[in-house]
Structure formats: structure tokens, C-alpha cells
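These are the residues of each chain, in order.
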Amino acid sequence: MLKRIGAEESGEFKAVASGTLPSGRPVIVNADGTVSVVAVTSSSVGSTVTYNSGSTESKIGAAYDSNSNKVVIAYKDGANSNYGTAIVGTVSGTSISFGTEVVFLSSNNDDGGICFDSTNNKIVITTKDTGSGNDGKAFVGTVSGTSISFGSAVTYETNNPGHNRVEFDSVSGKVAVIYTEGSSPYQGRCRIGTVSGTSISFGTEANLTSSRPTGPAGVFNSDGKLVLSFRDYTNSLGKVMVGTISGTDISFGSETSLGVNCDPKVTVYDSSNDKVLILYADISSSDALTGVVATVSGTSVSVGSAVRINGTSSASDLYVNGASYNASSGTIVTAFRDRDNSNQGTVVDITISGTSLTVGSETVFETGDTRFINTAYDSTAEKTVINFRDVDDSENGKALVYTSASENLTSENYIGMSRGVVNVTSQTESIGSAVVFNSTGNTTKPHLCFDTNSNKAVIGFIDNAVSEKGTAIVGTVSGTSISFGSETVYETSVTDFPAMVFDSSNNKVIVAYQDEGNNDYGTAAVGTVSGTSISFGTPVVFESAAVQHVSLAFDSNSNKVVVSYADHGNSEHGTAIVGTVSGTSISFGSAAVFQSAQSQRINSTFDSSNNKVVIAYRTSTGQAVVGTVSGTSISFGSPVQFKDELTDELDIVFDSNANKVVIAYLNGAGSLGLAKVGTVSGTSISFGAEATFESDTVYSISPVFDSSINKVVIVYQDADNSNYGTSAVGTISGTDITFETPTVFASVNVGSAVGATFDSSNNKVVIAYRDGSNSNHGTSVVMLPGFTDITRAEIVNSGNAAIDIIGSVSDNQVNLTAGQQYFVQTDGTIGTTAATPSVLAGTAISATELLVKT
């Protein structure tokens, strides 16, 4: 129930706020009746815990006991004669702890399954007793505290069964054991088990199919239907069918083909969408991990279109519980060994919509060789436990807690826009006071990024007063000012062509540059921000040849860093290489040439809408190329010319509101500051009309995207206006961009040394430059583009949070376009592009007024 405080006037509602409500932002109703802003939580992994020291082979899996709120992992313990063993885990926050290991089978075993029987509050484990007759045996376990005890083994099959999966049906209160015979005719079988106390009894054995199935994997839906997938050995096709329990027996409907030569591995039920996800190894495509959505109707089943989850051979190592449904995030958490990425343990969230799949960003949970990966969803903690064998650490059994990305916005809980006071007196930038960050003199080549983990701006620069060393400093924005910590040297040699980017997957700052102290080799270092300081790991060479024009982009889809540069060891050809951050170091794949000609002024950005890296550069003309990261490699489409004459000083940025890239550059022939909007499609890019942002000669161009006003801000040196630091604000419409009148942010000679980044925490542009009036000291200002004298009232955990509810006018907006619909974005702003879920915030009736949700 909404905790209403009262209403002052028509359309204005007062409620209890939870957290900070910035003025003019979308507001949602929480489950406890309070209101808050839209928020997104990123996926994360907790610390790894060893639960078995020795060779651990978890071909049985993991299950969550909702009665005791514990996770049970079952496995073959290589350090104890390969005995069947189980252990109980307790999740607390993002950590997991374990009790003592318990042997349930004092014999070698193989290829089993595990489930939780919520009717009887028991764990059921099935396995093949390879140490004694190869019989299929079942065990009933009872969790007590942090331990588990088992009843006697019950044999359900004597013909050397394979796979031995077990699934629980909450409708009938029974379990289904699914397996294949070990001798001719190698039939697929299913038996229904009834748990009683610490034992289990079985009904009549049923055939799955008349053909020979391999690798059957099943799951029950909320209607008590067993959705079973398998590979038909006779024709190699993947198939799916539906089973129905009656008493202690089961019968199956007709088969539906998946239409491809594949090996189904895991079948997962999405209870929110009432759909089943089938994950299989696509044998016709190098065992690529692939998913397809199945819809049950009675005893029949239909399937949607297949979607690639991951590349070569990833599905080959997907085990019994390699995926599980997370009810809190509404996603299917899928963990696998990524053979395209050095066999690292990787997890991804998959979302079902209708019969389609959306695959989220991959997260590496183990950087070493990882095998026998299983998952279990803890519905109390709303976390997923991933267990695995760490091949690089004595094959020990390990586990960790994974938190799926989540957002609190739904299509139902949006209530309106938060109120407050916004006083706009002009349409020029508000510039804060200049602050010196380097007082040794002659600071050049500023390169910046914003660390979204620490909410700090990091400025890198070349300190020419101290042997031209690569140096960095951390800035903290407060209001329209910025303060700095101490300088840190990231390269002790002479440094040139530096670039910087933030890796939001690993929460690290990456710098790349030319190391003049090491033959001008291309070099990179990984930085960690802590408080107001930054420290760097050991520099790593990415190109053992001289490099120039270095640029960095972070691919948030693959969680990789892409370095682009001119390779002097290869005729200055435009080249790129993919970097993987691990701790405080970075490793690189193989370099790829994107332009087989001399390339200069190289800069890059990541298009998160199309999951592509876009590189802009010049040969004899202005060029752009689209790159696709796969594993530790990158491939490119054909270069596209955006300017048919010499360009200079060019840079590129991605506008996440318009889902376009903007290239800003100096027209070498006409000495104008120009820009073009680029639209990525597949592996190519097309451009709109050319726009002028400055009618004079410009140098040191640096564009950023301000997501608070959905505009591109270009900062630069205006050579025809006393070399002053200047900015221009641009708005994309379709495939074109228009600019407001430029504004001077520094009435000094900035000496071709200007850089910028956007502080998304404070909604400010941070600019660094060389102050020619102050001994060329490194200087920074904070700018709020588009407006001056803005006052934004905020309400924090207050009992009188004012909200413009649906049907009213929110009159504290800025830079709206009358008649344009605006949608709630997952970052808590509003924009013209519908996000997921699609929630209409309202329609603009003026530049500062939004008619809420009409």
C-alpha cells in the first residue's frame, strides 16, 4: 500500500521517500509503499570458497533445500577413492560457507543428478555405482543445520544406466528419474519415485521414445508436465517431448524436433513466463552453446527460434545444473566453461520474452581453467550459487555466490516525476572555478575517464616538468568544483600518445601509450582507484614495435578493452588488439589490422546498442570502421569514408540516447570544426549531413556524451579566439546533429591540450587543460552544459516527497522537445528511446514541462 502523506494541489502527491529523489526524475512505488527513483544493480560475483580439496568431479550437481535454506552440492571426491559425497552450503550476503563433507556412496560413481523434494523436504540424489555392478542407485538425504544424512541406497536400474537425471514435480509430489540403458537397445527410460522418510520407492519403468536417445535432460513446469529434451541417436536431431505423471507411472506425448544436430544439456523452467529454456551444444556449429524456448500445450510442445549464447565448444562442458532460474531477476543464470576465452568460468543472464531470448553481458567468475560447473538458486537469499572444479588449483571443488543484474522498474510501478525547483536563467554553460591539478608546469596531453565504481574522475597527463612521465590523478566533483588527491606515475619513462578508459566489469582504469623508454613499444597498465588515490600494476606490452595514435574503448558486451593504434612495425597500418583485465594486470590476444594504409589521429568508442567498437581515423581522407569483439579477438567490416578530404584532430563518442556515434574533426581544407552522426548497421556504418560546431580553426578536440541532458558536448581549443578553451553542445535528431552557440570555458591559451569526461554521478562534464596564463599548469573545471543558475531540490528519506503523478504536468524538466514522447530509462533519467521494460514517462508540452504518462 502506498504510504501517502497528503496532497497540496491537483496532480501533486506526497509520499514517504526511500533514498534520494533528485528533482525531475522518474519515481516508482516500492513493495513497502515508499517511493524511490529507478535504479539498476550490476551483476557481481562473491569470493570463491573451496569446499573440497582434491580432484572434484561434480557430475551430479547442486540443489537448493528451501526447508533448511541450504544449498547441497553432490560430487565424486577424487581425494577419497572417488566416493559419492555431499556437502551443505549456507549463503550469507555475497558469501557462502560449508559444513563437513558426508559420504553417501562408499564406491566409485558417475553421471548422476540431484533435486529437492519440497513435499517431503528431502534431497534426492541419483548416480551410477561404477564400483559395484554399474547399478543406478538413489539416495534420500535430510539436511540438518550444516550437515546432511542419508538413508540406504535404493536400486532403480541394473542395466548400466547413463545420465541418471532426477527432477521433482511439485504437483504430484513425486520425482522422475531419467536415464538411458547401457546395453542394446539403449532405450531411454523414466521411473517415478515416491519419497517416504529416508527411503524411496519406484513405479513401473517407462520408455521415453522408440528411438535411441542420448543425454536426456528434463524439468517439470507448474502444471506437472515433464519437459524432456534429448538427442536422437538414429538421426542426430535434438528433440523435445512432454511427460505426464499418473500415480507412480508416467506417459509421454509425441516428439518435436529442434531441427538441428545437437546435444541437449540442460532444461530450465521459467515460472514467471511459463516457458522452458533448452540449452544445447550445436554439433553442427562446433558445439556452440545455443538456447531455444519451448512452450507446452497439453502433451505437446513447440519451440521458438534458436539463439547463440556463446561460441565454440562452450556447451560441451555444461553440466547437470549448469543453469537455473532466478525468480528475483526473472533471468535464467547460465554458467559454462568458455573455450573461446581460455576456458574461463563464465556466467550470463538469459531473459525470456515470448518465444525469444535476450542474452545479457558475460561475467567471468573464474579466470583459470574451469570444469564441472553447476548452479543452484537460493530463493531466500535471491542469489545463485555456482560450484565448479578449478583445474589450475589442484582440481579443487570451489563455489561462489553470483548476484544477477536487476532493476526496480516495471511497467506497473511507475507513478510519476519527482518535484523540486529548477530555475533556468539562460541557455549557456555553467562553469565552475578552475582548479590546478599539476603545478610543476607544462602539462600536456590530458586523457580522462570516469570511474563509475568510485564515482571519481581520473585525469591522466604527461608531466613535461618531470621527464615527460605518464601521470594520473583522481578528482572528486562536488557541486561545480573539483578537488584532487596525489599524483601517481604510471610510466617512469618518456610517454607519448596516451589514452585512458574505465573497465566497468573489473572496476579498473586502463591506460595505454607509447613507451619511449622501451623502443616506443605499445604498452598498457591497469589502475585501481581507492579513495582519492590511484595505483597501477606492472605495465604490459601489447605491441612489440613502435606505436602512435593510441586509443582505448571498453566493450561492455564482452567485457574487454580494445586498443587501437598505428603500428610502425607494419607501415603505420591501423591496428587493434583486445585486452582482458585480470586483477591489476592485462593480457592481450592477437592484433588485427583494420586499415592497410598509414593511419593517424585514431580514436575509438563503443556502440552499446549494437555491441560494436567504432574506430575513426584519417588516411588521406576521414575514415571509420566497425569492429566486433569475439573472445580475445576482433574482426572488422570494410572501412567507410566519412570525409573525402584531409581531416585532423578527430575524435569520436557514442550517444546512448540516440544510439548513434558522433565524429568531431577539423576540416583541413577549410579550417572548420565539423561533426557527423554515424549509424552502425551490422559491421558497417553510414553518415548523415555534416554540421559545423565552430567556424574557426580548432585543435585538441574531445567530445563526451552528457546523459543527463542527452547531448554531445565537444570541448576544444579555438585557435582563432586567442586559443581559448571552448565548448559546443550538440543535439542529435535522426542522422543529423545541430549545435548551440559555443561557450568559452577557459579564457586562457589551452595550448592544444584539452580533454574531457562525463561524471554520471554528479551529471557534470569534467574538463582538463593546460593553462597558458599560469605557467602551463594542468588545470580542471567542472561544467554543467546547457544551463546556468540551476537549483535542483532533492528529498532524502523524507516524509514529504512531492510527486507529479500520472495525468499532471511535471514543470521542472529541461531541454525537452514539445510533442515528443519520453520514456523512463534504466539509469533513472528520461529519454526518447524506449528501454526494457518500455515505460512511458510522458509527453513534452514545452522545453520544461512534461505531461506525465499520457
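Every residue gets a number counted from 1 within its own chain, in the order that chain's sequence is written. Only residues with pLDDT of at least 70 get local features here, since the model is predicted, and only at 80 or more are side-chain atom pairs given and counted; chain-wide, interface and lining totals rely on the full set of residues. To obtain the side-chain values, all non-hydrogen atoms of the structure were used and water was disregarded.

Peer 1: Is there a simple way to explain the overall build of the chain in this structure?
Peer 2: Per the convention used, a helix needs a DSSP run of H or I reaching at least four residues, while a strand needs a run of E reaching at least two, with both numbered from the N terminus. Within the chain one finds zero helices and 81 strands. Atoms counted for the radius of gyration: C-alpha only. Globule rule: 2.2 Å times residue count to the power 0.38. At 30 Å, the chain has a C-alpha radius of gyration in line with the 29 Å of a compact globule built from 854 residues. Projected onto the principal axes, the alpha-carbon positions of the chain cover approximately 90 × 70 × 45 Å. Exposure is judged per residue with a 1.4 Å probe applied to protein chains only, and the accessible area is read against the type maximum: over 50% gives exposed, under 20% gives buried, and values in between give partly exposed. Out of the 854 residues belonging to the chain, those deemed buried represent 58%. A contact between two residues is defined here by any heavy atoms of the two lying within 4.5 Å. A fraction of 51% describes how many contacts in the chain between residues 6 or more apart in sequence connect residues 24 or more apart. Of the roughly 29,200 Å² that the chain leaves accessible, carbon and sulfur atoms contribute 41%. All tallies of charge rest on Lys and Arg as positive and Asp and Glu as negative; His and the ends of each chain are not included. The atom standing in for a charge is NZ when the residue is Lys, CZ when it is Arg, CG when it is Asp and CD when it is Glu. Across the chain, 44 positive and 80 negative side-chain charges occur, with their mean positions spaced 7 Å apart. Accessible areas in this description were obtained via Shrake-Rupley with a 1.4 Å probe; residue shielding takes into account the shown protein chains only.

Peer 1: Looking at this structure, I do not really get the environment of valine 547. What am I missing?
Peer 2: Considering the arrangement of structural elements, one finds valine 547 in strand 52 (residues 540-555). Along the sequence, valine 547 and tyrosine 565 sit 18 residues apart, while their C-alpha atoms lie 6.4 Å from each other. Contacts of valine 547, omitting those with residues within four sequence positions, involve Phe497, Tyr513, Gln514, Asp520, Tyr521, Gly522, Phe542, Tyr565, Ala566 and His568.

Peer 1: How should the pattern of salt bridges be read in this particular structure?
Peer 2: Side chains bearing opposite charge may pair, as long as their charged atoms lie close to each other. When a carboxyl oxygen of Asp or Glu is within 4 Å of a side-chain nitrogen of Lys or Arg, the pair counts as a salt bridge. Under the definition given, this model contains 22 salt bridges. For the salt bridge of lysine 76 with glutamate 57, the shortest nitrogen-to-oxygen distance reads 3.3 Å. Remark: glutamate 57 occurs in strand 9 (residues 56-65) and lysine 76 occurs in strand 10 (residues 70-77); sequence separation between them is 19 residues. By relative accessible area, lysine 76 is classed as buried at 12%. A residue is classified by how much of its surface remains accessible, and glutamate 57, at 17% relative accessible area, is buried. Across the salt bridge formed by glutamate 395 and arginine 389, the nearest N and O atoms sit 3.5 Å from each other. Overlapping salt bridges, with partners in common, bring together Glu57, Lys59, Lys76, Asp110, Arg389 and Glu395 in one network.

Peer 1: Please clarify how the nonpolar core should be interpreted in this entry.
Peer 2: One broad rule of soluble globular proteins: the nonpolar side chains tend to lie buried together. Among buried residues, the Ala, Val, Leu, Ile, Met, Phe, Trp, Tyr and Cys ones that are joined through side-chain atoms within 4.5 Å form a nonpolar core. In terms of nonpolar packing, the biggest core is built from 19 residues, with Ile510, Phe542, Val550, Leu552, Val561, Val563 and Ile586 touching the most fellow members. When residues of this core are traced back to their parent elements, those giving at least two are strand 48 (488-503), strand 49 (508-515), strand 50 (521-530), strand 52, strand 53 (560-567) and strand 54 (573-582). Among the elements that take part in this core, strand 52 stands out by supplying six residues, more than any other. In contact with isoleucine 586, not counting residues within four places along its chain, are Ile510, Ala524, Val526, Val540, Val561, Gly579, Thr580 and Val581. Listed in part, the 18 residues of the second largest apolar core include Ala691, Phe693, Tyr716 and Ile732.

Peer 1: When you look at the sheet that holds strand 81 (residues 850-852) in this model, what are you seeing that I'm missing?
Peer 2: Between any two strands, pairing holds if DSSP finds at least two bridges. A sheet is described by the order of its strands in space; here five strands give the open sequence 77-81-80-78-79, paired in antiparallel fashion. Of all the strands in the sheet, the pair left with one neighbour each is strand 77 (809-810) and strand 79 (830-831).

Peer 1: I keep staring at unusual backbone geometry and nothing clicks. Help me out?
Peer 2: Excluding glycine, a negative phi dihedral is what most residues carry, and trans is how most peptide bonds are arranged. Despite not being glycine, serine 236 has its phi angle at roughly 70°, a positive value. Assignment of secondary structure puts serine 236 in the loop between strand 25 (225-232) and strand 26 (237-246). The residue serine 394 is not glycine, and still its phi comes out positive at about 60°. Inspection of the secondary structure assignment puts serine 394 in the loop between strand 38 (383-390) and strand 39 (396-403).

Peer 1: Sorry, what's going on with the packing of aromatic side chains here?
Peer 2: Ring pairs (aromatic) are described by centroid distance and by the angle formed between their planes. Centre distance within 6.5 Å is the pairing criterion for rings of Phe, Tyr and Trp, where only the six-membered ring of Trp is used; planes under 30 degrees apart are then read as stacked, over 60 as edge-to-face, and the remainder as tilted. Applying the stated criterion to the full structure yields 20 aromatic pairs. Stacked on the ring of tyrosine 186, the Lys or Arg arginine 212 has its end atom at 4.0 Å from the ring centre. Look at NZ for Lys and CZ for Arg. If either is within 6 Å of the ring centre and within 35 degrees of the ring normal, a charge sits over the ring. Directly above the ring of tyrosine 233 sits arginine 212, whose terminal nitrogen or CZ lies 3.9 Å from the centroid.

Peer 1: Honestly, the pairing of strand 16 (residues 135-144) in this entry has me stumped. Any pointers?
Peer 2: Regular strands place side chains that alternate from one sheet face to the opposite one. With eight of ten residues buried, strand 16 is to be regarded as a mostly interior element. With seven bridges joining them, strand 15 (residues 122-129) and strand 16 adopt antiparallel strand pairing. Within strand 16, the residue paired with threonine 127 across the bridge is lysine 137. The turn linking strand 15 back onto strand 16 is made up of five residues, and glycine 133 within it adopts a positive phi angle of 80°. Taken together, the three bridges between strand 16 and strand 18 (residues 154-157) define a ladder with antiparallel strand orientation. Among the inter-strand pairings, lysine 137 is bridged to a residue of strand 18, identified as threonine 155. Relative to strand 17 (residues 147-150), strand 16 runs antiparallel, the two sharing four bridges. Within the sheet, the bridge partner assigned to valine 143 lies in strand 17 and is isoleucine 148. In this structure, the hairpin formed by strand 16 and strand 17 is closed by a connection of two residues, where glycine 145 is found at a positive phi of approximately 65°.

Peer 1: Looking at this structure, I do not really get the confidence of the model for the chain. What am I missing?
Peer 2: Atom-level detail of predicted coordinates should not be read off regions where pLDDT is low. Residue-level confidence of the predictor, termed pLDDT, takes values from 0 up to 100. Summarising the model, the chain shows a mean pLDDT of 90, and 94% of its residues fall at 70 or more. Per-residue pLDDT stays below 50 along residues 421-428; that stretch engages in 30 contacts with residues further than four places along the chain or on separate chains.

Peer 1: Explain the environment of valine 268 to me, please; I cannot follow it from the model alone.
Peer 2: Relative to the elements of secondary structure, valine 268 occurs in strand 28 (residues 256-270). Accessibility expressed as a relative area gives 6% for valine 268, which makes it buried. Along the primary structure valine 268 and phenylalanine 220 are separated by 48 residues, whereas in three dimensions their C-alpha atoms are 8.6 Å apart. Contact partners of valine 268, with chain neighbours within four places excluded, come to Val219, Lys275, Val276, Leu277, Ala323, Ser324, Tyr325 and Ile332.

Peer 1: How should the environment of aspartate 555 be read in this particular structure?
Peer 2: Along the chain, the position of aspartate 555 falls in strand 52. In this structure the C-alpha to C-alpha distance between aspartate 555 and valine 103, which are 452 residues apart in sequence, comes to 45 Å. If we skip the residues at most four places from it in the chain, aspartate 555 touches Lys560, Phe606, Val613 and Val629. A polar atom in the side chain of aspartate 555 sits 2.9 Å from the backbone nitrogen of asparagine 557. Pairing of N or O atoms within 3.5 Å defines a polar contact, subject to two protein rules: one partner must be a possible hydrogen donor and the other a possible acceptor, and residues neighboring in sequence count only if both atoms are side-chain atoms. Here the side chain of aspartate 555 touches serine 558 through a polar contact of 3.0 Å, landing on its backbone nitrogen.

Peer 1: How should the pairing of strand 47 (residues 481-484) be read in this particular structure?
Peer 2: Here strand 46 (residues 469-478) pairs with strand 47 via four bridges, running antiparallel. Of the residues in strand 47, the one forming a bridge with valine 477 is isoleucine 482. Here strand 46 hands over to strand 47 after two residues, with glycine 479 in that stretch at a positive phi of 65°.

Peer 1: What exactly am I supposed to notice about the side chain of histidine 777 here?
Peer 2: Inspection of the secondary structure assignment puts histidine 777 in strand 74 (residues 777-784). Given a relative accessible area of 13%, histidine 777 falls into the buried group. Excluding residues within four positions of it along the chain, histidine 777 makes contact with Val436, Asn438, Ser439, Thr440, Gly441, Asn442, Thr443, Tyr769, Arg770 and Asp771.

Peer 1: What am I meant to see in the side chain of aspartate 651 here?
Peer 2: Looking at where aspartate 651 falls in the secondary structure, it is placed in strand 62 (residues 647-655). Nearest to the buried, unbridged aspartate 651 among oppositely charged side chains is arginine 601, at 9.9 Å. Apart from residues lying up to four places away in sequence, aspartate 651 is in contact with Asn603, Val662, Ile663, Ala664, Ile701, Ser702 and Pro703.

Peer 1: Even after reading the chapter, I still don't get the state of the cysteines, so can you show me in this structure?
Peer 2: Joining two cysteines, a disulfide is a covalent bond between their sulfur atoms. We call a pair of cysteine sulfur atoms a disulfide when they lie within 2.5 Å. Per the counting criterion, the structure on display carries zero disulfides. Cysteine cysteine 115 remains unbridged, with the sulfur of cysteine 190 as its closest cysteine sulfur at 12 Å.

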